[in-house]
Amino acid sequence: MSPVDPSRPLVHIASYNTNLQAERGLPQDLVDWLAPTLQVSNFLARERRAPDIVAVGFQELLPLHLGLSGLSKHAIENRNALILSQIETHAPNKERYTLIAKVVNVGVALLVYGRDDGIGRRACDVQTQWTGCGPLYMGNKGAVGVRFRVPSQSGGVGEVYTFVCAHLTAHAPKLANRIDDYNHIVGSLLFPPLPASESSAPTTMFSTSHLFFFGDLNFRLALPPTHAFAAREQLPALAQALATEDGRVALKEYDQLVVERDVKGTVFQGFREGEFWHFKCSYKYRLGKVDEYDPKRMPAWTDRVMYATHTDSPDAPQTSGVTNVLYTAIPSYTTSDHKPIVSLLLLPPPPPSAPTVPVLRLPDGYNPVPDPWARTKRYTGRTFDRLIGYCWWLLAMLGAGSALFGVGNVLLSIGVWRWWRAATPSGAAEQEVLLP
C-alpha cells in the first residue's frame, strides 16, 4: 500500500447520546472510543499519525432541567478536560491538542480540537452557533455548530470547516417532524459571511469548504406492514437478522434516512455517508448490557455521521473526495441506551492558494437561504428554556432531586398553609368573645 498524502487532513468525529447522565455518562478511560481511530490511521499511512482535527458531539449531555436552566458549565468543562487528556494520552507520538471551540445548548454539545503542530495553531475566525427546534423553538432538540478557517501554508485565504452536532425529534412515526427539524436547522443555524464576501448577510452551514453533520438524528427502520419482521412479536427475529451483515444489508433499504436522502431527496441534500450497515444498530440497548437490544423499541441506526466537501460534484452523489476510513459503533459503553459512534475521514488535499474560499456545490434546485426570523425564534426558545428550566430546577431542589417529589412538597406546603390560615382566624375570634 502506498503512503497516504500527508497533506490530506485526517478528521476524527465522535458522537454519543449519553442518556442525561452528565459526568456519569462517560468512563474515565476513553480508549475504546478514541484509540481505534489512531490505530487505523497507523496502518493507512504506514506511520503513527494522529488526527489533525477531533470533533466530539454529545446529545442529552445532562439532566434536562439543568440543561434548560443553562447550568451546563460544570458538565462541559468536565468533558473537555477528560477528552483532551485522553486524546493526548493515546496520541501515537504524544501529539498535543488545542481546544478550538466548544458550544452547548441545553443537552446538545460540541467540542472541536486541533493538533498544536498544525490546524490547532493555524485555525482562525472561530465562530460558534446554536438553535433549538423543540416546542416553541426550545433547545431540548436542536443543533450546535462550530466554524473556523484554516489559512493555506502559503498565506492564502485557505479553507473553512463547519461542524454541526444535532439531536432531532424521536419516535418512528415522527418522520415529518425530523425533516422539519433539519430544515429549521439549515435556516436558523447561521454564521457570519465568509472572508472576502461582498455580502454582509449571514450564511447557512453550506457556505463552507468542508461540512460535517452528525449526532442522534433519530431516523428509524420503517418496515412495511407486510414485512416478515414488521410485527412487534418478531422483534427477536429482527434483532437476530441485524446481528449479521447480510441481514443489515437487506434491512438498510428501510432506513428512513436512506429513503429520504438518497431516494426522495427531502433531507441532507449534497451529503455523503459511509457504509453504516457494517456495524450493528446504535439504538436501543438495555442499560448495563453490551449487546442486548431493549425489546420495547425496534433497533435502528439513529446515530450518524455525514459529510460534504467542496471537491464533490452534485452530479456524482455516490462518490466523494472524502475517504471514509472508519465508521463504527462502540459496544462496550453501557450507561446509555445508545452506543457511541466514531468516524475517521481523510479529506482531499488543500487547494492551491486562491483569493476566495472554496465552497460546497449543491444539487440543482436546492438553494437554502437564511430564515429572516432566525434570531427571534432562537431567543424565543431560549426564554422558554430558562423559564421552564428554572421552575423545574426549583421543584427538583424541593424534592431532593426529584421534580415529582418537589411538586408533592409544594402541594403539601400549600395544604398546610391553607389549613393554618383557616384555623387561625377562628381561634382569634373565640378569644375576642371571652375578653371582658
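Quantities reported herein were computed from a predicted structural model and do not represent experimental measurements. (Residues numbered from 1 in each chain as written. Predicted model: local features only at pLDDT ≥ 70, side-chain atom pairs only at ≥ 80, totals over all residues. Heavy atoms only, no water.)

How should the overall build of the protein chain be read in this particular structure?
When its secondary structure is counted, the protein chain shows 10 helices and 12 strands. Burial analysis of the protein chain (436 residues in total) assigns 51% to the buried set. Residue pairs in contact within the protein chain that sit at least 24 positions apart in sequence constitute 72% of those at least 6 positions apart. Summed over its atoms, the accessible surface of the protein chain is roughly 19900 Å², and 58% of this surface lies on carbon and sulfur atoms. (Helix = DSSP H or I, 4+ residues; strand = E, 2+ residues; numbered from the N terminus. Buried < 20%, exposed > 50% of the residue type's maximum accessible area, 1.4 Å probe, protein only. Contact = heavy atoms within 4.5 Å. Areas by Shrake-Rupley, 256 points an atom, 1.4 Å probe, with all protein chains shown as cover.)

What am I meant to see in helix α5 (residues 175–188) here?
Note on helix geometry: an α-helix contains 3.6 residues per turn, so any two residues three or four positions apart are oriented the same way. With 14 residues, α5 should cover 20 Å at 1.5 Å per step; its first-to-last C-alpha distance of 20 Å lies within 8% of that length. Within α5, 10 of the 14 residues are buried, leaving the element largely enclosed by the surrounding structure. The complete set of buried residues in α5 reads Leu 175, Arg 178, Ile 179, Asp 181, Tyr 182, His 184, Ile 185, Val 186, Gly 187 and Ser 188. (Expected span 1.5 Å × (residues − 1).)

Explain the nonpolar core to me, please; I cannot follow it from the model alone.
Soluble globular proteins tend to pack their nonpolar side chains together in the buried interior. Judged by nonpolar contacts, the single largest core of 45 residues is most densely connected at Leu 110, Phe 148, Phe 163 and Phe 212. Setting aside residues no more than four positions away along its own chain, Phe 148 makes contact with Ile 53, Ile 100, Val 112, Ile 119, Ala 123, Cys 124, Asp 125, Val 126, Glu 159, Val 160, Tyr 161 and Phe 163. Within the second largest apolar cluster, 28 residues are counted, among which are Val 4, Ala 14, Ile 76 and Leu 82. (Core = buried A, V, L, I, M, F, W, Y, C linked by side-chain atoms within 4.5 Å.)

Is there a simple way to think about the sheet that holds strand β6 (residues 142–150) in this case?
In any sheet, the strands associate via hydrogen bonds between backbone groups, in a parallel or an antiparallel arrangement. Strands sit in the order β5-β6-β7-β8-β10-β9 across an open sheet of 6 strands; the sheet is mixed. Unpaired on one side and paired on the other, β5 (124–132) and β9 (272–273) mark the two borders of the sheet. Pairing between strand β8 (residues 210–216) and strand β10 (residues 303–309): 7 bridges, direction antiparallel. Each bridged residue has a counterpart across the sheet, and for Leu 211 the counterpart in β10 is Ala 308. Helix-sheet contacts for α5 involve β5, β6, β7 (159–167) and β8, and the interaxial angle to β5 is about 140 degrees. Sheet strands touched by helix α8 (residues 256–264): β9 and β10. Its angle to β10, the strand with the most contacts, is close to 20 degrees. (Pairing = 2+ DSSP bridges. Axes fitted to C-alpha atoms, helices over the stretch in contact; angles between N-to-C directions.)

I would appreciate a short explanation of the sheet that holds strand β1 (residues 10–17) in the present structure.
The 6 strands lie next to each other as β3-β4-β2-β1-β12-β11, forming an open sheet whose pairing is mixed. Sheet topology places β3 (97–105) and β11 (323–329) at the edges, where each strand pairs with a single neighbour. Taking the axes of each pair of neighbouring strands and ignoring which way they run, one obtains an average angle of 10 degrees across the sheet. Two strands pair when backbone bridges link them, and β3 and strand β4 (residues 108–115) are joined in this way by 8 bridges, in the antiparallel orientation. Across the sheet, the residue bridging to Thr 98 is Gly 114, located in β4.

Could you clarify how one ought to interpret the confidence of the model for the protein chain in this entry?
Detailed reading of the predicted model is not advised wherever pLDDT is low. The pLDDT averaged across the protein chain works out to 88; a share of 86% of its residues lies at or above 70. Across residues 41–45, where pLDDT falls below 50, the model places 13 contacts with residues more than four positions away in sequence or in other chains. When the criterion is pLDDT under 50, residues 427–436 qualifies, and its contacts beyond four places in sequence or with other chains add up to 0 contacts. (pLDDT = per-residue confidence, 0-100.)

Please clarify how unusual backbone geometry should be interpreted in this entry.
Outside of glycine, negative phi angles account for most residues, and trans bonds account for most peptide bonds. Residue Tyr 283 is joined to Lys 284 through a cis peptide bond whose omega torsion reads 5 degrees. Within the secondary structure layout, Lys 284 lies in the loop between β9 and β10. Even without a glycine there, the phi angle at Asn 19 is positive, about 60 degrees. In this fold, Asn 19 is placed in the loop between β1 and α1 (31–45). Positioned with a positive phi, Asn 218 is a non-glycine residue whose angle comes to about 65 degrees. Within the fold, Asn 218 resides in the loop between β8 and α6 (235–242). Take Asn 218: its relative accessible area is 2%, and that puts it in the buried class.

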